[in-house]
Amino acid sequence: MKLRLLLSLCGLVSVFSISTAAAQEKITIEYWNINTSTFGGPQVDALIASFEAKNPNINVESRPKDRYDTLVQDAQTAIAGGNPPDIVQIGWPYLRYTSATLPYISIESLVEKYGGAEAFADIPKNIFDLTLVNGEHVGLAYSLSNAVVYYNPELFRKAGLDPDNPPRTIQEWTEAAAVFKKALNLPLIAIDYSGDNWAIENLIASNGGNLLICEADGTFAAGVSSPEAVEALQTWADWVAKGYAVNALDQARTVFWTGQAGALFWSIAGRGAITSNKTFDELRATTYPQFGDKPTRLPTGGNMLVFFASDPARQEAAWRFALHLVSPEGITEWTKGTGYIPLIPKLAEDPKYLASFYAENPIQRVATRQIENMIVWTSFPGENGLAAGAALFRAVQAALGGQLTAGAALSAAAKEINDLIGNEPCSGTSR
Amino acid sequence: MATRIPSAKILTACRAWYNTYLKKLVPYLYIAPALNFIIIFVFYPLARTFQISFYEWNIIRDRQNYVGLENYIRLFFDPNFRQILVQSLIYLLISVFAVVALPILLALLALQLTDKEIDLYQSLMFFPTVIPTSVAALVWVWFYLPTRTGLFNALLHLFGVTQPVQWLTNSATALPAVALVSNWKVMGFHFLIALAGLKAIPRDCLEAAYIDGAHGWSLIRHVILPLFAPTGLFILVITLLQGLEYVFVPIRVMTLGGPANASNNLMYAIYQEGFQFFRAGYASAMSVVMITLFGGFAYLQYRLLDRRVNYDR
C-alpha cells in the first residue's frame, strides 16, 4: 500500500514537473546587428539584459557583424539555408533590395498578429514611414543618424583658425583647409567612407543633386552624372589632390582621433566611438556644410529592424524584443551609448529620459538641429541594385584617387547603373 | 516432385557468378567511400556551378531564369572583368617572385648557417604564418596609415618625404600593398618547405660533385637545383593554384578590392558578385572561367615542367 502511494506521488510530481517545464520552455531568438564591441555592442548587451529580466522565457542572442553588407549577405545565406535569423538590423541602402528580394514579415502583419501599435504613437510619421515600400512597412525604423563635422579645437587654434566659429559652407571649409595645410602641413578634412555611398550622397544631395531620378515614363534612372553631382565629387577630389583632405576609407576616423586631421565628416552615431578613442582632450562638432546658400540634404543613416522569424513563437518573441528596443527606456539607452538620434525626438527634452544627457553632450544637439534636413538614403532598386551601388562607389574611388575626373567617373557610373537597374518603376515608395 | 540440385553444383555456379560479376566490383567497392565523398563535395558543386552559370538567380529565389550564354557574353565585354583578370595575373607574378623564388633563395643562403642559427632563422621566418590573416591585415592597415603616424610614412618622413603616401587608396600602390601582406604571411611557410627540400639532398651527392670540381653557381645549377626540382615544383604549383586565395582576406580587410577595382582579383570579384551583389549566375560564369584558366595552368605545368623534374622513383 505504502509502495503504491509512493509511486502515485512520484507520478504526480513527474507530471507536474513536465507541465511546468513546458510552460516555462525558453524561446531563443537571434538578433543580428552591426554593433561590435566598439560600436554599440555594450548597449545591445544591456538592452538584451533588461529585456530578458522582464521576459524570463525569452533568450536573445546577439550576433554582431562588422558591416551592413556582411549582415545582409549572411542573412541571405541563412535564409537560403532555411534557417533565417529572427530579427536583423538592415541598413537603409538595402531597403529596396530587402523589399524586392528577402522574405521579410511586414510591420502591418506583425501588428495584426501581436498588437503593439501604441508603441509607435510618439514616433514622427515621416520617420516611421522611412521603411514604407509599395504600401507596407518592410521593417521598423530604429537607428537614425545624420552626418555632422567633428573637429579638434586644439588643432584649429594651432593653425590659427577660430574653433568658436567653424566653417559653415563648402567654400569656407576649402579656405580653412588651405590655411590649416599651410600652418601645420596636415590635412584639415577626413571623410569617413567605406563600401557604401552615404558620404558621397551627403555631398551630392546637399548640392541639390539626386542619386536616383524618376523619369517621365515612370522608371528610375541614375542621377549621378548631373552637374550638381559632378561638382560635389570634384570638390572632394580637389580637396584630396591638394592635400586638404585625407583619402583613407574608414581609416579616416583613426586619422582624426590620432590628431592627424583637424575635422572628420562622419555620422553622429560615431560620437561614442570618437569620444572613447580620441587622443586629444576636447571634441566639438558642427553642422554639415552647405553648398553656398543651398540647405543641406542629409541621407538618414542607421538602420531598420527587419523580421524574418517564420516560427510563430519566435516571431512573437522577436516582435516583443523590438517593442522593447523602441520603448522610451530602450531608446534612451541606445542614444546615450551610441549617439543615434532618438526615434522619439521629445525624449531629448524629457528630464526622465535624455534631457540631462543632451545638456552634457552639446554635440548631440548638432544632429538634432539637422533632423529637418534628413532625407531617405538612396537604395538602388531591383535585384541588381547592390551592384549599381557598387558602381557608384567605384566611381567615387576613381575620382578621389585621381584616375578619372569626377565628370568622367560619374558619367561611366551613370551608364553602368542604368544598365543594371533597367526599367525599374519608381512608384510605390516613400520617396 | 521437385528435382534436387546437388549442392556442389550450386557452389560452382555461385563461384562462377562471383568470378564473372562480383569480383570485378570489389575494387569499386573499396574506393566507393572516397569516390562518393569527391563526387558529392567536389564534382557535384562544380557541375552545379557550371549549370548555374546559364541562369540568372539570387540564391534564395525559387525561380531561376535561364539566360543561356548571356552571363559569359557579359563577362567577355565587361571592362571591369578584363581589368580583374589582368590584376589576377599580376598578383600571381608577384607571388611567383615573393613566395617561390625568394624563399628558395633564402633557403639556399640559410644552408650556409650553423644548425642553431638555422633553427632561429626558420622560427623568425615562420612567425608571420601563425598569425591569423585578418589580424595581420589589420596590423598592416596601421603600417599603411596615410599619415605621418603610419609606419611606412613615418619611415619615408625620416628620408625627407613630407607628403604621406595614401597606400591603400591610390590605384598605383594598392595592389602591391595588399600583395605584400599575403606574401609576407606565406613566405615563411614556403621557406620551410624549401629548406626541408634542400636538406633532403643526399650529402654524398654534393660531396662527390664538389670533388669533381663543381663549386658555387655550377654546383647550384647542375646538382642542387635538379635534385631540388620536385620540391620547387610543388611550391610553384601551390602558389599558382592558391595565390589568389592567399590574398583574399587582406583585400577584404584592407581595400574591399578598391580603389575602383585596382586591388581586386578573380577570387574576390567572384565573392563580391555571388555574396555581396547576389548574382549567382554571373559569379558562376566567372568561376567557370577561373576553373578553366587554372585547369590550363595545372596542365601546362604538368606538360612543361613535370617532364624536366627528376623524381627519385
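The paragraphs below set out a description of the structure included in this document. Everything quoted here is computed from the prediction, not taken from an experiment.

This paragraph deals with the overall build of chain A. Assigned secondary structure in chain A consists of 18 helices and 16 strands. Relative to its length of 431 residues, chain A is compact, with a C-alpha radius of gyration of 24 Å against a globular reference of 22 Å. Projected onto its principal axes, the C-alpha coordinates of chain A cover approximately 100 × 55 × 35 Å. When the 431 residues of chain A are sorted by exposure, 57% land in the buried category. A sequence separation of at least 24 residues applies to 77% of the contacts in chain A between residues at least 6 apart. For chain A, the exposed area adds up to about 17,000 Å²; of that, 54% sits on carbon and sulfur atoms. Looking at charge distribution, chain A has the averaged site of its 32 positive side-chain charges lying 5 Å from that of its 44 negative ones.

With that settled, consider the packing of helix H3 (residues 79-110) of chain B against helix H9 (residues 216-246) of chain B. Residues and elements named next belong to chain B. In contact at an axis separation of 10 Å, H3 and H9 are set at 145° when each is read in the N-to-C sense. The crossing of H3 and H9 is right-handed. Touching Ser-88, Tyr-91, Leu-92, Ser-95, Val-96, Val-99, Val-100, Ile-104 and Leu-108 of H3 are Ile-220, Ile-224, Phe-228, Gly-232, Ile-235, Leu-236, Thr-239, Leu-240, Gly-243 and Leu-244, all from H9. Residue classes in the contact of H3 with H9 are distributed as 14 nonpolar, 5 polar and no charged.

All names here are of chain A. Summed over all chains, the structure comprises 15 salt bridges over all chains. Arg-157 is the partner of Glu-282 in a salt bridge, and the nearest nitrogen-oxygen pair spans 3.7 Å. In this pair, Glu-282 sits in the loop between helix H12 (271-277) and strand E13 (284-286) while Arg-157 sits in helix H7 (residues 153-158), placing the two residues 125 residues apart along the sequence. We classify Arg-157 as partly exposed; its relative accessible area is 46%. Linking Asp-192 and Arg-253 is a salt bridge whose minimum nitrogen-to-oxygen distance equals 2.7 Å.

What follows is about the sheet that holds strand E8 (residues 189-191) of chain A. Residue and element names in this part refer to chain A. If you walk across this open sheet you meet the 5 strands as E11-E8-E12-E7-E13, and the pairing is mixed. A single partner strand is all that each edge strand has here, and the edge strands are strand E11 (245-246) and E13. Two elements, strand E7 (residues 147-151) and strand E12 (residues 263-267), share 5 bridges in a ladder whose sense is antiparallel. Paired with Tyr-151 across the two strands is Ala-263, which belongs to E12. Sitting on the sheet, helix H10 (residues 227-241) is in contact with E8, E11 and E12, with an inclination near 125° to E8.

Right, let's talk about the sheet that holds strand E2 (residues 58-64) of chain A for a bit. Residue and element names in this part refer to chain A. One open sheet accounts for 5 strands, arranged E2-E1-E3-E15-E6; its pairing is mixed. Unpaired on one side and paired on the other, E2 and strand E6 (140-145) mark the two borders of the sheet. The sheet shows a mean angle of 20° between the axes of neighbouring strands, taken without regard to direction. Docked against the sheet, helix H3 (residues 68-80) engages strand E1 (27-33), strand E3 (87-91) and strand E15 (301-307), running at close to 135° with respect to E3.

Here is a general trend for soluble globular proteins: nonpolar side chains tend to be buried in one another's company. In this structure, Leu-140, Tyr-150, Trp-236 and Phe-307 of chain A are the most contacted members of the largest nonpolar core, which totals 160 residues. If one sorts the elements of this core by residue count, helix H17 (residues 385-400) of chain A sits on top with 11 residues. If you look at the next biggest cluster of nonpolar residues, it comprises 57 residues, including Phe-54, Ile-104, Ile-193 and Leu-240 of chain B.

Counting residues at the interface gives 30 residues for chain B, matched by 44 residues for chain A. When chain B packs against chain A, the two sides together hide about 2,900 Å² of surface, and 54% of this comes from carbon and sulfur. At the boundary of chain B with chain A, the tally comes to 0 salt bridges. Taken together, the elements giving at least two residues each to the side of chain B that touches chain A come down to helix H10 (248-254) and helix H11 (266-276) of chain B. At 3 residues, H11 of chain B tops the list of elements feeding residues into the side of chain B that touches chain A. Along the lines of polarity and charge, the residues of the side of chain B that touches chain A split into 13 nonpolar, 13 polar and 4 charged.

Residue and element names in this part refer to chain A. As paired strands, E1 and E2 are joined by 7 bridges and run parallel to one another. Bridge pairing links Ile-27 to Ile-58 in E2. For the handedness criterion, the β-α-β arrangement of E1, helix H2 (residues 41-54) and E2 is classed as right-handed.

Attention now moves to the pairing of E1 of chain A. On a regular strand, each side chain points to the face opposite its neighbour's, so the side chains alternate between the two faces of the sheet. Pairing geometry for E1 of chain A and E3 of chain A, over 2 bridges, is parallel. Its bridge partner lying in E3 of chain A, Tyr-31 of chain A is registered against Ile-87 of chain A.

Right, let's talk about the packing of aromatic side chains for a bit. All names here are of chain A. Evaluated as defined, the whole model comprises 39 aromatic pairs over all chains. Considering the side-chain rings of Phe-156 and Trp-173, the 6.4 Å spacing of their centres and the 80° angle between planes classify their relative orientation as edge-to-face. Here Phe-156 is found in helix H7, whereas its partner Trp-173 is found in helix H8 (residues 170-184), with 17 residues between them in sequence. What makes Phe-156 buried here is its relative accessible area of 1%. Residue Trp-173 is classed as buried on the basis of its relative accessible area of 0%. An angle of 70° between the planes, with centres 6.1 Å apart, marks the rings of Trp-239 and Phe-265 as edge-to-face. Here the residue Trp-239 occupies a position in helix H10, and Phe-265 occupies one in strand E12, the gap between them amounting to 26 residues.

Before going further, it helps to spend a moment on the packing of H3 of chain A against H11 of chain B. Contact geometry for H3 of chain A and H11 of chain B: axes closest at 10 Å, N-to-C directions at 65°. Taken as axis vectors, H3 of chain A and H11 of chain B run roughly perpendicular relative to one another. The residues of H11 of chain B that touch H3 of chain A, namely those facing Asp-69, Gln-73 and Thr-77 of chain A, are Tyr-271, Phe-275 and Gln-276 of chain B. For the contact of H3 of chain A with H11 of chain B, the per-class residue count stands at 2 nonpolar, 3 polar and 1 charged.

Let us look at the side chain of Ser-284 of chain B. Following the sequence through the fold, Ser-284 of chain B ends up in helix H12 (residues 280-305). Ignoring any residue separated from it by four or fewer positions in sequence, one finds Ser-284 of chain B in contact with Thr-49, Ile-52 and Ser-53 of chain B.

Before going further, it helps to spend a moment on helix H7 (residues 174-199) of chain B. For an α-helix the count is 3.6 residues per turn, leaving residues at separations of three or four pointing the same way. Residues and elements named next belong to chain B. Given a rise of 1.5 Å per residue, 26 residues ought to cover 38 Å, and the 37 Å separating the end C-alpha atoms of H7 matches this to within 8%. Its axis deflected by about 30° at Val-186, H7 carries its strongest bend there. With 19 of its 26 residues buried, H7 lies for the most part within the structure.

Definitions and cut-offs
Residues numbered from 1 in each chain as written. Chains lettered and ligands numbered in written order. Predicted model: local features only at pLDDT ≥ 70, side-chain atom pairs only at ≥ 80, totals over all residues. Heavy atoms only, no water. Helix = DSSP H or I, 4+ residues; strand = E, 2+ residues; numbered from the N terminus. Rg over C-alpha atoms; globule rule 2.2 N^0.38 Å. Buried < 20%, exposed > 50% of the residue type's maximum accessible area, 1.4 Å probe, protein only. Contact = heavy atoms within 4.5 Å. Areas by Shrake-Rupley, 256 points an atom, 1.4 Å probe, with all protein chains shown as cover. Lys, Arg positive; Asp, Glu negative; His and termini not counted. Charge placed at Lys NZ, Arg CZ, Asp CG, Glu CD. Axes fitted to C-alpha atoms, helices over the stretch in contact; angles between N-to-C directions. Left-handed = near helix turned anticlockwise from the far one by under 90°. Nonpolar A, V, L, I, M, F, W, Y, C, P; charged D, E, K, R; others polar. Salt bridge = Lys/Arg side-chain N within 4 Å of Asp/Glu carboxyl O. Pairing = 2+ DSSP bridges. Core = buried A, V, L, I, M, F, W, Y, C linked by side-chain atoms within 4.5 Å. Buried area = accessible area lost by both parts, 1.4 Å probe. Right-handed = clockwise from strand over helix to strand, strands pointing away. Phe/Tyr/Trp six-rings, centres within 6.5 Å; stacked < 30°, edge-to-face > 60°. Parallel < 35°, antiparallel > 145°, perpendicular 65-115°, else oblique. Expected span 1.5 Å × (residues − 1). Bend = angle between axes of the 7 residues up to and from the residue.

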